[in-house]
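# Summary of structural features
Residues per chain are reported as follows:
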There are 4 protein chains.
Amino acid sequence: MFLETVKSEGLSHLSYVIGDGGTAAVIDPRRDIEAYLDIADQQSVRISHIFETHRNEDYVIGSQELAARTGATVYHGRAAGASYWQGVGDGDCFTLGKSVRLCVLETPGHTLDSISLVLYDVSWSEDTPVGVFTGDALFIGDVGRTDFYPGRRDEVSNMLYDSLHEKLLPLGDHVLLYPAHGAGSVCGSGMAKREFSSIGYELRSNSLLSNSRQEFVKQKVNEHHYQPGYFRRMEKLNQEGAPVLGALPRPPALGLGRFGKLLEDGAQLVDVREPVAYGGASIPGSLSLPLDLLAGFAGYFLDYEKPILLLGATVDQVRQAVPLLVRMDYVKLAGYLAGGLSTWAKAARPLQRIPLVHVDEVQQRLSRRQQEAGEPVTADTTLADSASAPSSDAYTLLDVRRIDEYRSKRLRGALHIYVGDLPERLDDVPRNGTITTFCGSGRRAMIAASLLKRAGFERVENNLGSMSAASSAGLQMESD
Amino acid sequence: MFLETVKSEGLSHLSYVIGDGGTAAVIDPRRDIEAYLDIADQQSVRISHIFETHRNEDYVIGSQELAARTGATVYHGRAAGASYWQGVGDGDCFTLGKSVRLCVLETPGHTLDSISLVLYDVSWSEDTPVGVFTGDALFIGDVGRTDFYPGRRDEVSNMLYDSLHEKLLPLGDHVLLYPAHGAGSVCGSGMAKREFSSIGYELRSNSLLSNSRQEFVKQKVNEHHYQPGYFRRMEKLNQEGAPVLGALPRPPALGLGRFGKLLEDGAQLVDVREPVAYGGASIPGSLSLPLDLLAGFAGYFLDYEKPILLLGATVDQVRQAVPLLVRMDYVKLAGYLAGGLSTWAKAARPLQRIPLVHVDEVQQRLSRRQQEAGEPVTADTTLADSASAPSSDAYTLLDVRRIDEYRSKRLRGALHIYVGDLPERLDDVPRNGTITTFCGSGRRAMIAASLLKRAGFERVENNLGSMSAASSAGLQMESD
Amino acid sequence: MFLETVKSEGLSHLSYVIGDGGTAAVIDPRRDIEAYLDIADQQSVRISHIFETHRNEDYVIGSQELAARTGATVYHGRAAGASYWQGVGDGDCFTLGKSVRLCVLETPGHTLDSISLVLYDVSWSEDTPVGVFTGDALFIGDVGRTDFYPGRRDEVSNMLYDSLHEKLLPLGDHVLLYPAHGAGSVCGSGMAKREFSSIGYELRSNSLLSNSRQEFVKQKVNEHHYQPGYFRRMEKLNQEGAPVLGALPRPPALGLGRFGKLLEDGAQLVDVREPVAYGGASIPGSLSLPLDLLAGFAGYFLDYEKPILLLGATVDQVRQAVPLLVRMDYVKLAGYLAGGLSTWAKAARPLQRIPLVHVDEVQQRLSRRQQEAGEPVTADTTLADSASAPSSDAYTLLDVRRIDEYRSKRLRGALHIYVGDLPERLDDVPRNGTITTFCGSGRRAMIAASLLKRAGFERVENNLGSMSAASSAGLQMESD
Amino acid sequence: MFLETVKSEGLSHLSYVIGDGGTAAVIDPRRDIEAYLDIADQQSVRISHIFETHRNEDYVIGSQELAARTGATVYHGRAAGASYWQGVGDGDCFTLGKSVRLCVLETPGHTLDSISLVLYDVSWSEDTPVGVFTGDALFIGDVGRTDFYPGRRDEVSNMLYDSLHEKLLPLGDHVLLYPAHGAGSVCGSGMAKREFSSIGYELRSNSLLSNSRQEFVKQKVNEHHYQPGYFRRMEKLNQEGAPVLGALPRPPALGLGRFGKLLEDGAQLVDVREPVAYGGASIPGSLSLPLDLLAGFAGYFLDYEKPILLLGATVDQVRQAVPLLVRMDYVKLAGYLAGGLSTWAKAARPLQRIPLVHVDEVQQRLSRRQQEAGEPVTADTTLADSASAPSSDAYTLLDVRRIDEYRSKRLRGALHIYVGDLPERLDDVPRNGTITTFCGSGRRAMIAASLLKRAGFERVENNLGSMSAASSAGLQMESD
């Protein structure tokens with residue numbers, strides 16, 4: 001029996017290839033499927049089964065793509081209704097070679113159609129499971145989101161509690177965990193950075209699992225999660241089956257002429273360079289989406305109808321961006337600027353700068369503003385992610401972190417708008433002064449800065465280091 | 001200006017990417033086009049032009065594939081008539097960036113539609129050519145074949161003479177040569193192993209260029225070339241435009257059950273392992289086509305209608321075989337046997353051996369046969385590639401080299417049938433004795449041995465080392 | 001916290017890199033250390049700690065090499081005495097970044113100095129271990145060998161029992177296992193092919209762990225293990241510290257002249273090609289050691305004092321052989337024959353063949369011999385690995401598997417000598433008839449065949465498929 | 001015969017591997033020799049000869065390193081005296097296999113010991129050369145520098161004229177050129193970007209070759225070249241033989257603590273990120289040396305005695321920097337900051353910014369200054385690379401290009417100091433105003449900006465796009 005993990009950075013998505021004796025199953029494949037075919041070759045197996053643990057919201061599942069190349073059958077929880085897959089439910093088992101047996105366990109909660117797959121090594125034991133693929137039901141250090149059914153949050157949280165306590169935990173302390181996401185995923189917020197665990201270790205270390213049903217449901221119902229706009233498209237594609245691509249697109253190098261023309265005609269420009277470089281100089285109107293944030297944030301801001309142009313520090317950066325975008329079905333990739341920003345600058349085209357200010361400067365300005373105003377700006381304290389406009393127009397510190405981050409620790413006087421909500425809440429940002437964007441480290445803050453610039457804000461800065469630097473510098477914080 | 005060569009081993013095919021200032025042209029692309037896209041990325045250029053120097057017979061040109069991925073325009077000699085390309089002729093010039101100018105020179109002879117492309121670096125000189133892409137008109141150490149127009153050999157050889165002496169040589173001694181094939185190609189037989197030359201060096205070292213027209217035409221008319229059956233299909237595809245593949249096929253690993261079933265149902269099995277391994281043990285009915293001979297010989301033996309199964313020593317060998325086959329439009333790749341020959345052997349399936357005999361053994365048997373027969377077997381001496389059957393049935397040394405190799409030096413008493421002709425000439429091989437196949441080194445001889453085995457010949461051996469070993473051993477040779 | 005496994009095929013050796021917050025530890029590094037440095041770069045950590053779980057017998061540990069390049073400190077169980085390491089024992093703990101704590105657990109038995117390292121993720125739980133690096137104490141599906149202390153086997157088996165039952169199993173069912181070897185290692189014979197497990201799963205599936213102390217010790221004392229001669233050298237190097245190499249040797253291509261000269265002067269020639277190719281044709285005197293068997297068997301046959309020559313089917317094969325040899329301190333790599341066997345054959349040098357016979361042929365000969373002899377050859381039935389010579393000189397089936405394999409199932413009439421013992425027991429092999437070597441699949445049998453050929457045996461064959469084929473063919477077996 | 005080129009970016013150094021029949025020669029190897037060993041493996045040859053075309057000033061030649069690994073003999077022009085090499089001179093010839101003959105041609109001028117190697121393919125012609133390795137005597141589009149012998153410039157320029165006209169050009173128009181440097185090298189200033197040429201093409205396109213002796217010598221004597229300080233060290237190492245490294249250093253990841261400590265203790269910090277990122281934010285005291293400029297400029301600024309720290313945008317950037325530094329003998333590589341600038345920023349350590357200003361802003365300031373001053377700043381017009389200080393202290397446009405670039409086209413009012421001379425000429429830069437650094441594109445200008453910052457200048461900016469942008473914007477220029 002072999003088991004290999006294919007990790008998709010950015011989405012923090014984990015898929016698995018498990019096989020024996022010449023055949024293999026892939027669990028939750030991504031859309032760029034070469035990695036699975038490579039493993040199949042290395043292991044000399046034919047991919048015969050594809051399992052989807054649930055209908056995903058955050059990426060296009062690659063089942064159709066992989067089935068088209070391998071002839072494998074796709075299996076999905078029966079509760080999802082009929083589609084390109086074959087429905088499965090509790091008790092359905094599948095055998096691969098002489099050792100692998102995978103048995104379906106319905107584990108609804110995150111979604112109604114969620115299944116887990118219990119792994120037996122029948123060459124060692126017929127009835128003792130050795131591992132379980134838990135999809136988005138149980139993560140390492142966290143459990144799945146339960147906010148995808150409006151108005152039914154209490155109901156599905158209870159479902160998840162049952163799935164955990166009646167299906168997964170009873171498998172035994174010794175059972176290894178193989179979830180569909182790791183740390184950094186938007187499908188949970190408290191996942192461990194550690195990529196290995198067992199049911200017994202989770203029971204001992206993850207307090208969510210020792211909570212009573214009541215506590216558990218209360219916590220799940222009160223959790224705040226964001227839902228980027230592209231989730232709707234993913235759900236539809238993953239229900240109906242995404243079109244087969246055949247090969248990844250390879251956006252071509254474009255000269256300044258073609259590139260400029262596409263920009264003028266309305267193409268959206270994604271700058272995947274490091275935020276520090278973006279701050280140094282960038283093309284007006286471009287969106288800062290560095291590679292590590294591309295998967296997590298493109299879906300809030302990019303339009304599926306308009307062509308996408310790319311700007312990278314190197315061609316390699318551009319190449320790395322392609323699968324990240326394709327996984328979210330952004331396939332209209334019109335090209336990248338040959339020679340990068342240098343080409344643009346050498347042609348004397350207009351440039352924008354977003355000064356990267358030190359946290360000491362932020363602190364000084366906040367102090368000055370407070371002195372001038374006589375009293376502090378009131379931070380938003382309501383449950384909703386709203387923000388009262390600052391009373392002074394001279395300076396705005398715009399904290400774009402998630403609401404839970406903001407609530408747990410923040411600089412006094414910061415205005416909070418989540419970066420993903422910014423396009424809809426531009427009117428809440430004062431136009432008449434300097435704005436410093438702020439997040440955990442300065443990366444998401446650069447996305448926000450680029451959005452503000454695009455929206456016509458003029459004096460926009462980014463606080464490099466942001467909350468991390470503020471903590472290091474010992475700045476005074478407040479929290480809910 | 002950059003210039004990169006993409007070499008396709010086996011076909012000894014050379015294609016080129018040349019570009020400047022953000023755009024590039026590809027000359028004679030192969031069908032697996034990733035190499036060109038990679039170069040385009042490395043150089044940050046967009047592929048805008050594709051040139052075909054002529055309609056090729058030996059491989060599927062990748063113009064359609066590359067145009068589909070890049071939007072580039074395809075150019076081809078006007079004489080080929082209308083098709084998916086744009087016709088060009090003498091004097092048409094194309095500019096890329098600030099330095100590259102490519103001008104068309106009609107150089108018919110090898111084919112009627114052959115063109116060369118003269119390269120200028122206009123940043124250094126407007127009117128002095130620096131290089132020339134000669135297609136199959138002029139090679140390093142050789143010139144193109146003139147046997148593709150039955151009954152018009154004299155005419156096209158004269159055409160080629162004119163193309164050389166009126167078009168190419170006058171470009172000047174200093175002009176560098178970039179031909180479409182290198183040593184080992186079936187498109188010529190005397191090419192140098194050296195991959196660089198100039199017109200001046202060719203004039204001084206290649207006697208074909210110093211010959212009078214009369215001598216030249218005589219030599220070209222008398223040259224013998226083989227035309228594998230697949231040439232017809234290539235011509236048709238290259239005239240009409242080959243279908244776009246999108247991505248290379250990835251034949252899957254097959255278990256013994258599926259593999260065996262496909263074999264029974266008539267699939268053709270290609271064994272790409274080294275000839276020595278094939279001799280050690282192989283699957284009855286399989287065809288020995290080691291990787292380095294696959295491109296040169298598959299087209300004689302493989303059927304386009306039947307699925308192809310592959311057997312390799314490693315999965316990597318199988319992978320390497322795929323583009324070689326696809327370049328000749330063999331795309332029905334049903335899979336490979338997982339675990340290779342070992343899987344077959346462990347199941348106690350039937351095996352065949354082809355003993356690899358030493359040249360000393362060959363010599364002893366030939367001597368014995370001669371003594372028994374009283375007089376030597378008469379070697380074929382007619383111009384046609386025919387062979388008189390040996391007078392003794394006890395032993396046959398079957399020389400499967402090209403007729404020109406055979407004529408220039410051979411072991412006395414050998415029966416000559418070119419390996420490519422063997423399937424059609426099996427009746428000329430004595431069935432009632434031992435046969436030792438023989439070539440230059442023992443590699444083509446193994447193809448022949450596998451063909452004989454498949455045709456039911458029982459006592460088949462291969463002379464490892466063949467002519468090379470015979471020469472080293474100082475065996476007596478004869479020649480025409 | 002990150003954890004990466006570096007697998008050394010052949011030795012089935014597993015080493016680990018674990019780290020957090022900029023530093024990392026390597027557990028049981030191999031001598032070719034680039035893999036660790038690459039992981040350190042990918043993870044942006046500095047390797048600060050090196051742990052040796054015990055003094056290894058089967059390979060040169062890379063601690064000195066890695067320490068020389070990184071400045072890391074080496075730690076080793078205190079019981080090993082003083083050397084280049086720092087001694088550690090029960091209760092010693094090491095912290096890396098904010099999450100990794102590794103605590104030493106003395107687990108003697110396999111060796112007296114064996115330690116395990118218990119892993120805590122202190123960012124989740126201060127006192128619940130999540131995994132344990134068990135060295136050669138506890139494997140997945142097996143436990144360590146206890147045959148390294150002559151005369152003390154009972155004592156050390158009891159020690160191991162204590163280590164398991166008082167140290168490792170009490171860590172808890174939920175604890176993940178990270179042993180130093182996987183399936184295929186000579187450090188155990190029953191390891192699972194599965195590369196992941198937990199203490200709880202082992203307790204439920206590995207009967208060795210549920211045995212009583214008495215049963216356990218009895219089984220361990222009665223186990224048969226082989227000890228290749230090179231083990232002594234490994235022990236010495238690993239106790240004293242192996243010399244630092246700096247870079248892997250790169251044996252050069254050699255022309256026939258130099259290669260032949262070295263052979264004449266006594267160099268040992270290792271042929272790493274596939275056994276089937278070796279059977280087809282090989283150089284007289286060479287040793288068949290295909291890549292996957294090189295690590296397991298070179299140490300029985302190769303002399304440290306004589307230069308080693310390599311023959312591969314490709315240069316890539318030769319390159320792959322290098323680290324495998326260096327890990328066992330075979331560093332006198334004089335070169336490889338450029339062009340491989342073909343170069344040799346083309347020069348008409350002498351060749352040998354080892355016919356690969358089908359199991360049906362073996363069966364026929366055995367039957368014939370039995371009929372001729374009137375009664376069956378008596379298989380060796382004593383506990384010692386001795387063999388009574390066959391009563392007939394006409395035919396010998398030489399079974400070279402391990403004694404435990406031989407005892408559990410064999411063809412009737414086979415002579416048993418373990419491949420590793422063959423050089424010392426050549427006198428037990430009848431010289432006057434045909435010998436067919438036999439093993440599990442035909443691979444080790446080819447090593448044996450090459451040894452016999454080198455020793456002057458003339459009629460040597462190999463049964464391709466061997467026991468696997470015999471089983472598939474339904475041949476009659478016997479067992480102890 | 002095969003010929004492969006190994007290109008060292010940055011130095012624009014070209015080395016060659018040429019071989020046949022199992023042996024090969026390397027011409028002018030670099031110090032990181034893996035590339036040659038890889039080619040030797042691919043071609044299955046043993047490297048037997050190493051040729052040095054001359055004693056290099058700009059990099060450490062890898063002959064000793066390569067000889068130590070391969071046992072090859074090193075050859076060098078006899079005129080260099082005795083050292084680790086074997087001296088050769090006019091008429092000495094070397095044969096490799098059946099086709100390669102290399103004959104020495106003494107071609108002094110660039111250095112007194114310069115030789116060229118004339119290449120014959122004796123399988124085609126015994127006496128017609130096909131190519132020539134010209135070292136630094138003749139480049140594509142240029143000839144070698146003649147400024148290395150103070151006071152003897154006229155003499156050596158005449159020597160070079162003779163070498164060209166009596167040795168190299170007479171080889172014939174048809175001979176291909178293989179020089180030791182390509183475009184971008186400091187060993188010439190007018191080299192073509194094209195990497196292929198012939199003697200005949202050079203004669204027709206390179207005016208230096210059609211000049212009379214008088215014109216030629218005059219031009220060579222008047223040429224201006226810079227000599228970075230590290231040249232002296234290279235000369236010494238290349239005369240005496242550089243120490244053998246064995247393997248490239250692998251600087252480790254460092255946490256902030258160790259990194260900061262080394263900085264405090266005087267280590268020099270090289271920031272290899274893109275200039276735009278450096279402008280965005282950087283560590284005070286660091287030197288901007290992006291990867292593509294590292295080879296060309298490190299030798300002006302880095303101290304051999306102090307440890308070097310690296311800062312990259314990615315670990316991959318750091319890795320790429322290592323061979324570039326080692327080639328110039330910068331081997332004291334103490335490590336790189338794990339996590340890059342982000343680690344620094346998150347700890348709230350001090351940061352510096354260098355605003356990247358648009359050429360329009362530069363133009364406005366220059367105009368304003370002129371209006372204020374009443375008259376233009378006088379540009380330096382003397383032959384020496386001196387600059388008169390600007391008459392106004394309000395604003396300095398500091399042009400750091402080479403003097404020849406500056407002379408041929410510049411913005412009016414710019415102060416010129418070559419970037420390599422800046423550390424010695426800091427007193428010539430006005431301290432009391434804003435300084436905008438300026439070059440061809442803004443890259444070298446960022447090196448200059450970082451030098452100024454390090455020297456305590458406060459208001460330093462960089463003109464992104466620089467001369468290219470100024471030209472595109474149609475700004476008014478002046479020239480000598």
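Cut-off values and rules
Residues numbered from 1 in each chain as written. Chains lettered and ligands numbered in written order. Predicted model: local features only at pLDDT ≥ 70, side-chain atom pairs only at ≥ 80, totals over all residues. Heavy atoms only, no water. Helix = DSSP H or I, 4+ residues; strand = E, 2+ residues; numbered from the N terminus. Rg over C-alpha atoms; globule rule 2.2 N^0.38 Å. Buried < 20%, exposed > 50% of the residue type's maximum accessible area, 1.4 Å probe, protein only. Contact = heavy atoms within 4.5 Å. Lys, Arg positive; Asp, Glu negative; His and termini not counted. Charge placed at Lys NZ, Arg CZ, Asp CG, Glu CD. Buried area = accessible area lost by both parts, 1.4 Å probe. Salt bridge = Lys/Arg side-chain N within 4 Å of Asp/Glu carboxyl O. Polar contact = N/O pair within 3.5 Å; in protein donor to acceptor, adjacent residues only side chain to side chain. Least-squares fit on C-alpha atoms with pLDDT ≥ 70 in both. pLDDT = per-residue confidence, 0-100. Pairing = 2+ DSSP bridges. Disulfide = S-S within 2.5 Å. Axes fitted to C-alpha atoms, helices over the stretch in contact; angles between N-to-C directions. Left-handed = near helix turned anticlockwise from the far one by under 90°. Nonpolar A, V, L, I, M, F, W, Y, C, P; charged D, E, K, R; others polar. Core = buried A, V, L, I, M, F, W, Y, C linked by side-chain atoms within 4.5 Å. Right-handed = clockwise from strand over helix to strand, strands pointing away. Phe/Tyr/Trp six-rings, centres within 6.5 Å; stacked < 30°, edge-to-face > 60°. Lys NZ or Arg CZ within 6 Å of the ring centre and 35° of its normal.

Moving on, we get to the overall build of chain A. Of the regular secondary structure elements, chain A holds 16 helices and 23 strands. Taking 23 Å as the expected radius of gyration for a compact globule of 480 residues, we find that chain A reaches 24 Å, a close match to that expectation. Here chain A holds 480 residues, and the buried ones make up 64% of them. Pairs at least 24 apart in sequence give 69% of the contacts found in chain A among residues at least 6 apart. Within chain A, the 60 negative side-chain charges are centred at a point lying 5 Å from the centre of the 49 positive side-chain charges.

Here we come to the interface of chain A and chain B. Each side of the interface is counted separately: chain A has 23 residues, and chain B has 23 residues. Overall, the association of chain A and chain B removes approximately 1800 Å² of surface from exposure, summing both partners, and the carbon and sulfur fraction of that is 41%. Our count for the contact surface shared by chain A and chain B stands at eight salt bridges. The tally of links from chain A across to chain B stands at 14 residue pairs in polar contact (both at pLDDT 80 or more). Looking at the side of chain A that touches chain B, the elements that each hand over two or more residues are α1 (34-43), β12 (253-254) and α11 (315-326) of chain A. Looking at the side of chain A that touches chain B, the element that brings in the most residues is α1 of chain A, giving six residues.

Where interface size is quoted, it is often the accessible area lost as the parts come together. Contacts between the two partners involve 27 residues from chain D, matched on the other side by 27 residues from chain A. When the area that chain D buries against chain A is broken down by residue, the three leading residues are K346, R353 and H358 of chain D, summing to 26%. On the surface where chain D and chain A come into contact, there are two salt bridges. Across the pair E361 of chain D and R353 of chain A runs a salt bridge, and its minimum N-O distance is 3.5 Å. The tally of links from chain D across to chain A stands at ten residue pairs in polar contact (both at pLDDT 80 or more).

Next up on the list: the relation of the copies chain A and chain B. For the pair chain A and chain B, the best superposition has an RMSD of 0.1 Å and corresponds to a rotation of 180° with a translation of 0.1 Å parallel to the axis. Look at the turn and shift together and you get a two-fold axis relating the two. The share of interface residues of chain A whose copies in chain B are also at the interface is 100%, consistent with both copies meeting through the same surface.

Below, the discussion takes up the confidence of the model for chain A. Looking at chain A, pLDDT values average 93 and 96% of them are 70 or higher. Predicted complex, confidence summary: ipTM 0.92, pTM 0.93.

Turning next to the pairing of strand β5 (residues 73-77) of chain B. Residues and elements named next belong to chain B. Burial analysis of β5 places four of its five residues in the buried class, the great majority of the element. Relative to β5, strand β4 (residues 46-52) runs parallel, the two being bridged by four bridges. Bridging across to β5, H49 finds its partner in T73.

This brings us to helix α10 (residues 291-301) of chain A. α10 of chain A sits mainly inside the fold: ten of its eleven residues count as buried. Looking at the buried positions of α10 of chain A, the neighbouring elements they touch are β13 (268-271), β14 (287-288), α11 and α15 (443-454) of chain A.

Here the focus is the sheet that holds strand β12 (residues 253-254) of chain D. All names here are of chain D. In space, the five strands of this open sheet follow the order β12-β16-β15-β13-β14, with parallel pairing throughout. Each edge of the open sheet carries a strand with a single partner, namely β12 and β14 (287-288). Inspection of the sheet shows strand β13 (residues 268-271) paired to β14 by two bridges, in the parallel sense. Each bridged residue has a counterpart across the sheet, and for D271 the counterpart in β14 is S288.

With that out of the way, let us pick up the environment of T396 of chain C. Residues and elements named next belong to chain C. When you line up the elements, T396 lands in strand β18 (residues 395-399). Among the residues examined, T396 registers a relative accessible area of 2% and is labelled buried. As a C-alpha pair, T396 and R369 span 27 residues in sequence and 9.3 Å in three-dimensional space.

Residue and element names in this part refer to chain A. According to the stated counting rule, one finds four disulfides over all chains in the structure shown. Note that C93 is cross-linked by a disulfide to C103, the S-S spacing being 2.0 Å. The disulfide joining C93 to C103 has a torsion of about 110° about its S-S bond and is therefore right-handed. Linking C93 in strand β7 (residues 93-96) with C103 in strand β8 (residues 100-106), this pair joins segments that are ten residues apart in sequence.

Right, let's talk about the relation of the copies chain D and chain A for a bit. For the match of chain D to chain A, the screw axis carries a shift of 0.0 Å, the RMSD comes to 0.1 Å, and the turn is 180°. The overlap is high: 100% of the interface residues of chain D also sit at the interface in chain A, so the same surface is used on both sides.

Glancing now at the packing of helix α10 (residues 291-301) of chain D against helix α15 (residues 443-454) of chain D. All names here are of chain D. Between α10 and α15, whose axes approach to 11 Å, the crossing angle comes to 35°. The hand of the α10/α15 crossing is right-handed. Residue-level contacts link D292, L293, F297 and F301 of α10 to R443, R444, I447 and L451 of α15. Across the contact of α10 with α15, the residue classes break down as five nonpolar, no polar and three charged.

A few words on the nonpolar core. Among the nonpolar cores identified, the biggest contains 214 residues, and L294 of chain B together with L294 of chain C are the most heavily contacted of them. Excluding residues that lie within four positions of it along the chain, L294 of chain C makes contacts with V270, V272, L289, A321, L324, L325 and M328 of chain C. Core analysis: the second largest hydrophobic core is formed by 208 residues, I283, Y336 and V400 of chain A together with L291 of chain D among them.

Before going further, it helps to spend a moment on the pairing of strand β21 (residues 434-438) of chain A. Residues and elements named next belong to chain A. Of all the five residues making up β21, five are buried; the element is thus mostly covered by neighbouring parts of the structure. The side-chain alternation of β21 yields two buried faces, one formed by T434, T436 and F438 and the other by I435 and T437. By the bridge criterion, five bridges tie strand β18 (residues 395-399) to β21 in an arrangement that is parallel. Looking at the pairing, D399 lines up with F438 of β21. Pairing geometry for β21 and strand β22 (residues 460-463), over three bridges, is parallel. Its bridge partner lying in β22, I435 is registered against V460. With respect to chirality, the unit in which β21 leads through α15 into the neighbouring parallel β22 is right-handed.

Evaluation of the coordinates by the stated rule reveals 68 aromatic pairs over all chains. Plain terms: the ring middles of Y300 of chain A and Y418 of chain A are 5.8 Å apart, the flat faces sit at 75° to each other, and that makes the pair edge-to-face. Taken together, the residues span a long stretch of sequence, with Y300 of chain A in helix α10 and Y418 of chain A in the loop between β20 (415-416) and β21 at a distance of 118 residues. Each member of the pair Y300 of chain A and Y418 of chain A is classed as buried. Site record: aromatic cluster; members linked through ring pairs are Y226, F297, Y300, F301 and Y418 of chain A. Here the guanidinium or amino end of R233 of chain B rests over the ring plane of Y304 of chain B, the centre of that ring lying 3.9 Å away.

Attention now moves to the environment of Y84 of chain B. Residue and element names in this part refer to chain B. Looking at where Y84 falls in the secondary structure, it is placed in the loop between β5 and β6 (86-88). C-alpha of Y84 to C-alpha of L341: the two residues are 257 residues apart in sequence and 44 Å apart in space. Contacts of Y84, omitting those with residues within four sequence positions, involve E52, I61, S63, Q64, V74, N238, Q239, E240 and G241. A distance of 2.6 Å separates a polar atom in the side chain of Y84 from a polar atom in the side chain of E52.

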